[in-house]
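The primary structure of each chain is shown beneath.
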Amino acid sequence: MSTLTIAIIVVFVAGYLCIALESVTKVNKAAVALLMFVFCWTLFMVDPGSYLTGFTGEALIHQVSTVIEEHLGSTSTTLFFLMGAMTIVEIVDQNGGFDWVRKVMKSRSKRSLLWRIAFMTFFLSAILDNLTTSIVMIMILRKLVHNRQDRIIYASLVIIAANSGGAFSPIGDVTTIMLWNAGMITAAGVIEEIFIPSLVSMIIPAFIMQTRLKGELENGSDGMANDPRDGEVLEFSGRQRKTIFCVGVGGLMFVPVFKSITHLPPFVGILLVLGVLWTVTEVFYRQLHRQTGRETFHKRVTSLLSHIDMSTILFFLGILMAVACLEEVGVLTALGGSLNTTFNGNHYLVTGIIGVLSSIVDNVPLVAGCMGMYPIQAVGDMAVDGIFWQLLAYCAGVGGSILIIGSAAGVVVMGLEKITFGWYMKNVSWIALVGYLVGIFCYWVIRQYILVVS
């Protein structure tokens, strides 16, 4: 391994540590990821000829630009998908489209509420994404559960259910979106074979956690802030809010169907849904303008676009492009070969370890790294919808629940409910790990017996 390659690895590892220690360094991980991206490719340009053989002079420089643009194009499909999905969810949420969820959740029994929260989070996460679903469910919990000790138990289950629900859906988690965009899994394949393991990885922890909840919910409040939209007058009528919900959420569910029909990348379907939803809201605002005479409405899409978390988008850009550099210098291929040699090609062990690692560090670069380490094969475990890729989707998503910092859902709930790392590790981590392992076992049973028989 050359000195230049080692320098690129050092930059990547140093950046990775800064991202993992964001709470200590107080430097936003998006800034670190962008620096990783730039520094890795700058080092690559010191001697690009050692990696791109057969080119010299201007041809070599042109080839480097071509390589970077190819990786950027692949990365952009994921970024545009995320931006479109985040915008759609923001439009639905800000216009009261999720208000019905709170009404469905109401229950006096603590255990009854736990199961409603678990299943609602699980299925919403599959339709939306685990980050957005976690925010929505925490806001609902603040309305329904006023005792903080009870609420953090529910909130912990939200993390587990959101990650489990996102794992079996092609649009439920960033990692599954990446694998789906790259053609390593199909929507039908991942839903058919990962649904039961994902469901089990949520149900087992829910059964264990319900033992900590007895009796009925208390009335009153402990001073915790409620939904920031409390008391706000919504601009649309109930019928219009339901229409927005149906168009937005129904459109997200339609994206896999659109891809299977047109064979266009998934981000094209997301942009179609966004365009339709944007048009519908503009029609509603035109009607409101005629009725009220008002010229300005605060919840128009043009205003809500500023609410999109661009730091998250830039983080994904930086990390995916930094991983692309590692792929070009051959590090990922060598690492993949080492893992296969060490574990004798046992995909259950390899992906299981990757899942545990995803609870310590961000699962996005882990999955991106695996995508670079292991090429798609025509047949076998590494083929489209093969054991490796489906297990990777499951393990990277569900494994993030083992530690509270292991997923976007965990980080956002940690911030909203002020759950400490130590409390979660002591009270929840082992529960999430049990569900994670049982889910892997279920997948093994499905592959070994059910699919073979059928």
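Our subject is the structure that appears above.
As the structure is a computational prediction, the values presented were derived from the model and not from experiment.

Chemist: Would you explain the overall build of the chain in this entry?
Modeler: Along the chain, the regular secondary structure elements total 21 helices and zero strands. Against the compact-globule benchmark of 22 Å for 454 residues, the chain has a radius of gyration of 23 Å, which places it among compact chains. On the principal axes, the C-alpha backbone points of the chain span a range of 70 × 55 × 50 Å. The burial tally for the chain puts 53% of its 454 residues in the buried class. When contacts within the chain are restricted to residue pairs at least 6 apart in sequence, long-range pairs at least 24 apart make up 78% of them. With an accessible surface of roughly 19,600 Å², the chain has 66% of that area assigned to carbon and sulfur atoms. Side-chain charges of the chain comprise 28 positive and 29 negative groups, with the mean position of each set lying 15 Å from the other.

Chemist: For this particular structure, what's the right way to read the side chain of Thr281?
Modeler: Within the element layout of this structure, Thr281 appears in helix α12 (residues 266-292). When its relative accessible area of 1% is taken as the criterion, Thr281 is described as buried. Beyond its immediate sequence surroundings of up to four residues, Thr281 is in contact with Ile91, Phe236, Ile244 and Val301.

Chemist: Would you mind showing me how to read the packing of helix α4 (residues 57-94) against helix α14 (residues 310-328) here?
Modeler: Closest axis-to-axis distance for the α4/α14 pair is 10 Å, and the angle between their directions is 155 degrees. Taken together, α4 and α14 sit at an angle that is classed as roughly antiparallel. In the crossing of α4 with α14, the sense of the turn from one axis to the other is right-handed. Residues Val67, Ile68, His71, Leu72, Thr75, Leu79, Leu82, Met83 and Met86 of α4 form the contact with α14, whose participating residues are Met310, Ile313, Phe316, Leu317, Leu320, Met321, Ala324, Glu327 and Glu328. Taken together, the residues that form the contact of α4 with α14 break down as 14 nonpolar, two polar and two charged.

Chemist: Could you clarify how one ought to interpret the side chain of Ser169 in this entry?
Modeler: For Ser169, the location among the structural elements is in the loop between α8 (148-167) and α9 (174-181). In terms of polar contacts, Ser169 uses its side chain to reach the backbone carbonyl oxygen of Ala126, at 2.6 Å. For Ser169, the contacting residues outside a window of four places in its chain are Ala126 and Thr176.

Chemist: What is the right way to read the pattern of salt bridges from this model?
Modeler: Pairing between side chains becomes possible if they bear opposite charge and their charged atoms approach one another. If you walk through the whole model with that rule in mind, you get five salt bridges. Residue Lys110 is joined to Asp150 by a salt bridge in which the shortest nitrogen-to-oxygen separation is 2.8 Å. With Lys110 in helix α6 (residues 110-127) and Asp150 in helix α8, the pair connects residues that are 40 residues apart, well separated along the chain. Lys110 sits in the buried class, given a relative accessible area of 10%. Of the charged contacts, one joins Glu193 and Arg447 as a salt bridge, the two residues approaching to 3.0 Å between their closest N and O atoms. Here the residue Glu193 occupies a position in helix α10 (residues 187-209), and Arg447 occupies one in helix α21 (residues 429-453), the gap between them amounting to 254 residues. Each of Arg142, Arg151 and Glu417 takes part in one network of salt bridges that share partners.

Chemist: Explanation requested: the state of the cysteines in the structure shown.
Modeler: In a disulfide, the sulfur atoms of two cysteines are covalently bonded to one another. Tallying each qualifying case throughout the model produces zero disulfides. The thiol of Cys40 is unpaired, and the distance to the nearest cysteine sulfur, on Cys325, comes to 5.0 Å.

Chemist: Any chance you could explain α4 here in plain terms?
Modeler: Because an α-helix packs 3.6 residues into every turn, residues spaced three or four apart end up facing the same way. The terminal C-alpha atoms of α4 lie 54 Å apart, and with 38 residues this matches the ideal 56 Å at 1.5 Å per residue to within 8%. Positive phi appears at Gly96, one or two residues downstream of α4, with a value of about 80 degrees.

Chemist: Quick question: what am I supposed to make of unusual backbone geometry here?
Modeler: Working note: non-glycine residues mostly have negative phi, and peptide bonds are mostly trans. Located in the positive-phi region is His263, a residue other than glycine, with phi close to 65 degrees. Mapped onto the secondary structure, His263 falls in the loop between α11 (238-262) and α12. Although it is not a glycine, Asp385 adopts a positive phi angle of roughly 65 degrees.

Chemist: Before we go on, may I ask you to explain the packing of aromatic side chains in this structure?
Modeler: What characterises a pair of aromatic rings is the spacing of the ring centres plus the angle enclosed by the ring planes. On inspection of all chains with the given rule, the structure shows 16 aromatic pairs. Pairing Phe44 with Tyr51 gives two aromatic rings, centres 5.2 Å apart and planes at 15 degrees, and the pair type is stacked. Each member of the pair, Phe44 as well as Tyr51, is classed as buried. By the ring-pair criterion, three or more aromatic residues cluster together here, those being Phe122, Phe123, Phe168 and Phe195. Across the ring face of Phe315, the terminal group of Lys29 is positioned such that the distance to the ring centre comes to 4.6 Å.

Chemist: I would appreciate a short explanation of the nonpolar core in the present structure.
Modeler: Within soluble globular proteins, side chains that are nonpolar tend to cluster in buried spots. One finds Phe44, Phe98, Met105, Met137, Leu179 and Trp389 to be the most contacted residues of the largest nonpolar core, which totals 140 residues. Beyond its immediate stretch of four places on either side in the chain, Met105 contacts Leu113, Arg116, Ile117, Met120, Met137, Ile140 and Leu144.

Chemist: Whenever I open this one, the environment of Ile270 confuses me. Can you help?
Modeler: Residue position: Ile270 is located in helix α12. Residue Ile270 is classed as buried on the basis of its relative accessible area, which comes to 0%. Along the sequence, Ile270 and Val301 sit 31 residues apart, while their C-alpha atoms lie 15 Å from each other. Sequence-distant contacts of Ile270, defined by excluding residues within four places in its chain, comprise Phe80, Phe81, Gly84, Ala85, Ile88, Leu252 and Val255.

Chemist: Looking at this model, I keep getting lost on a positive patch on the surface. Mind explaining?
Modeler: A cluster of basic residues, Arg102, Lys103, Lys106 and Lys242, forms a positive patch on the protein surface. Take Arg102: it is sitting in helix α5 (residues 99-105). Here Arg102 falls in the partly exposed class, since its relative accessible area comes to 32%.

What counts, and where the lines are drawn
- By convention here, each chain's residues receive numbers from 1 onward along its written sequence.
- Local features in this predicted model are restricted to residues of pLDDT 70 or higher, and side-chain atom pairs are both shown and tallied only at a pLDDT of 80 or more, whereas totals for entire chains, interfaces and linings draw on every residue.
- By convention in this description, side-chain values take in all heavy atoms of the structure and omit both hydrogens and water.
- Helix and strand assignments follow DSSP, with helices taken as H or I runs no shorter than four residues and strands as E runs no shorter than two, numbered in order from the N terminus.
- All radius of gyration figures rest on C-alpha atoms, and the globule criterion is 2.2 Å times the number of residues raised to 0.38.
- Think of it in three bands: with a 1.4 Å probe and only protein chains considered, a residue is buried below 20% of the maximum accessible area for its type, exposed above 50%, and partly exposed in between.
- For this analysis, residues touch if any pair of their heavy atoms sits within 4.5 Å.
- Every accessible area reported is derived by Shrake-Rupley at a probe size of 1.4 Å, with residue values counting cover from the shown protein chains alone.
- Under this rule, positive means Lys or Arg and negative means Asp or Glu; His and the chain ends count for nothing.
- Throughout, a charge is located at the NZ atom of Lys, the CZ atom of Arg, the CG atom of Asp or the CD atom of Glu.
- For helices, the fitted axis covers only the stretch in contact; all axes are lines through C-alpha atoms, and the angles between them, taken along N-to-C directions, range from 0 to 180 degrees.
- Should an angle lie under 35 degrees it is considered roughly parallel, over 145 roughly antiparallel, and from 65 to 115 roughly perpendicular; all remaining angles are considered oblique.
- A crossing counts as left-handed when the near helix is turned anticlockwise from the far one by less than a right angle, and as right-handed when that turn is clockwise.
- The classification used treats Ala, Val, Leu, Ile, Met, Phe, Trp, Tyr, Cys and Pro as nonpolar, Asp, Glu, Lys and Arg as charged, and all other residues, Gly among them, as polar.
- Definition of a polar contact: a pair of N or O atoms within 3.5 Å, with one able to donate and the other able to accept a hydrogen when the atoms are protein atoms, and with sequence-neighbouring residues admitted only if both atoms are side-chain atoms.
- Definition used for salt bridges: Asp or Glu carboxyl oxygen within 4 Å of a side-chain nitrogen of Lys or Arg.
- Any cysteine sulfur atom paired with another within 2.5 Å is treated as part of a disulfide.
- Here the expected length of a helix is defined as 1.5 Å per residue gap, with one fewer gap than residues.
- The criterion for an aromatic pair is that two Phe, Tyr or Trp rings (for Trp, the six-membered ring) have centres within 6.5 Å, with stacked assigned to planes under 30 degrees apart, edge-to-face to planes over 60 apart and tilted to the rest.
- Placement of a positive charge over a ring is assigned whenever Lys NZ or Arg CZ falls within 6 Å of the ring centre and within 35 degrees of the normal to the ring plane.
- Think of a nonpolar core as a cluster: buried Ala, Val, Leu, Ile, Met, Phe, Trp, Tyr and Cys residues, connected wherever their side-chain atoms sit within 4.5 Å.
- The patches described consist of residues with a relative accessible area above 30% and no salt bridge, like charges being joined within 9 Å and nonpolar side chains (Val, Leu, Ile, Met, Phe, Trp, Tyr) within 5 Å.

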